[in-house]
Amino acid sequence: SHPAGFIEIVEDVTERKKAEEALRESEERYRLLVQHAPAGIYEFDMETMRFTSVNDIMCEYTGYTRDEFLAMDPWELIADESKKTRDGLLEEVFSGNPNPAPVEYKIRSKNNREFWVLVHSRFSFENGVPKRATTVVHDITAIRQAEEEKKQLEEIAHLYFSTPSPPSEGAVIW
């Protein structure tokens, strides 16, 4: 009872190893891009209502550490005056829109400072239900302040130029 022969099976895994390495490199580039992007970026789970990732800029904006941020309910950041805007966004998302238009919110930092942000969100759905959100946030407080100052200056200019000047001394009025 001696073996009559051998069967050898050889599989070339070179291509699979190259693909795995390329995937690892791509994931690392993506992680670095998100971490060092010049905007706040976070993701949250719509079922648990918890953040799942956050970059350094979002932590800088809000004053929260990464761990504090990840333990929060995403809606805790939104100031009272922006809750209607949030509700409108949620209504749009739950009606099936995965890519709603950007919205402006006033949010609250850890030290209760309120500031304006422009929020771009994309939602992922499973069986028609929103499950996750990926969000990019830009602090637009300076823009909002400049708009308000411009409006005030326009009002002052309008009042100044639309009010008739009193006659100067010695002027003859007909």
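Below, the structure is looked at part by part.

Parameters at a glance
Residues numbered from 1 in each chain as written. Predicted model: local features only at pLDDT ≥ 70, side-chain atom pairs only at ≥ 80, totals over all residues. Heavy atoms only, no water. Helix = DSSP H or I, 4+ residues; strand = E, 2+ residues; numbered from the N terminus. Buried < 20%, exposed > 50% of the residue type's maximum accessible area, 1.4 Å probe, protein only. Contact = heavy atoms within 4.5 Å. Areas by Shrake-Rupley, 256 points an atom, 1.4 Å probe, with all protein chains shown as cover. Expected span 1.5 Å × (residues − 1). Arc of directions from axis to C-beta. Pairing = 2+ DSSP bridges. Salt bridge = Lys/Arg side-chain N within 4 Å of Asp/Glu carboxyl O. Axes fitted to C-alpha atoms, helices over the stretch in contact; angles between N-to-C directions. Core = buried A, V, L, I, M, F, W, Y, C linked by side-chain atoms within 4.5 Å.

To continue, consider the overall build of the protein. On a plain count of helices and strands, the protein comes out with five helices and five strands. Its helices and strands taken in sequence order, the protein reads α-β-β-α-α-α-β-β-β-α from the N to the C terminus. Relative to its full complement of 174 residues, the protein shows a buried share of 30%. Taking as baseline every contact in the protein between residues at least 6 positions apart, the subset at least 24 positions apart corresponds to 41%. On the protein, roughly 12700 Å² of surface is accessible, and the fraction owed to carbon and sulfur atoms is 55%.

Attention shifts here to helix H4 (residues 83–94). Counting along an α-helix, one turn takes 3.6 residues, and residues three or four places apart therefore face a common direction. When the terminal C-alpha atoms of H4 are compared, their 16 Å separation across 12 residues agrees well with the 16 Å that a helix rising 1.5 Å per residue should span. Along H4, the residues that are buried comprise Arg-86, Leu-89, Leu-90 and Val-93. Buried residues of H4, seen end-on, are gathered within an arc of 100° and therefore sit on one face of the element. Facing away from the buried surface of H4 by more than 90 degrees, the exposed residues are Lys-84 and Glu-91. Here the buried face of H4 lies against strand E3 (103–108), strand E4 (114–126) and strand E5 (129–139). Positive backbone phi, at 110°, marks Gly-96, one or two positions downstream of H4.

A word on the pairing of strand E1 (residues 40–45). When a strand is regular, its side chains alternate between the sheet's two faces. Of all the six residues making up E1, five are buried; the element is thus mostly covered by neighbouring parts of the structure. Strand direction decides the pairing type here: E1 and E5, joined by six bridges, are antiparallel. For Asp-45, the partnering residue across the bridge sits in E5 and is Arg-132. Where E1 hands over to strand E2 (residues 50–54), the hairpin turn is made up of four residues, of which Met-49 adopts a positive phi near 55°.

Oppositely charged side chains can pair when the atoms bearing their charge come close. Tallied over the full model, the rule gives 10 salt bridges. Here Asp-56 ties to Arg-66 by a salt bridge, and the two come within 2.4 Å at their closest N and O atoms. Here Asp-56 is found in helix H2 (residues 56–62), whereas its partner Arg-66 is found in helix H3 (residues 66–70), with 10 residues between them in sequence. Among the charged side chains, a salt-bridge network with shared partners connects Asp-80, Lys-83, Arg-108 and Glu-114.

Along the chain, Phe-69 falls in helix H3. By relative accessible area, Phe-69 is classed as buried at 0%. Taking the C-alpha atoms as reference points, Phe-69 and Thr-52, separated by 17 residues in sequence, lie 9.3 Å from one another. When neighbours within four sequence positions are excluded, Phe-69 is seen to be in contact with Tyr-42, Phe-51, Val-54, Met-58, Thr-62, Tyr-64 and Leu-77.

The next thing to look at is the sheet that holds E3. Here we have five strands laid out as an open sheet, ordered E2-E1-E5-E4-E3, and antiparallel in their pairing. Either end of the sheet is taken by a strand with one partner, and the two such strands are E2 and E3. Direction aside, the axes of adjacent strands within the sheet are offset by 35° on average. Strand contacts of H4: E3, E4 and E5, with the helix running at about 130° to E3, the strand carrying the most contacts.

Further remarks concern the nonpolar core. Grouped together as the largest cluster of nonpolar side chains are 28 residues, with contacts concentrated most on Tyr-42, Phe-44, Met-58, Phe-69 and Tyr-105. Elements that contribute at least two residues to this core include exactly E1, E2, H2, H4, E3, E4 and E5. Apart from residues no more than four positions distant in its own chain, Phe-44 is found in contact with Met-49, Arg-50, Phe-51, Thr-52, Pro-74, Trp-75, Phe-123, Lys-131, Arg-132, Ala-133 and Thr-135.

One ladder, built from four bridges, connects E1 with E2; its direction is antiparallel. By the bridge assignment, Phe-44 is partnered in E2 with Phe-51.

Function cannot be inferred from these measures alone, as they are strictly geometric.
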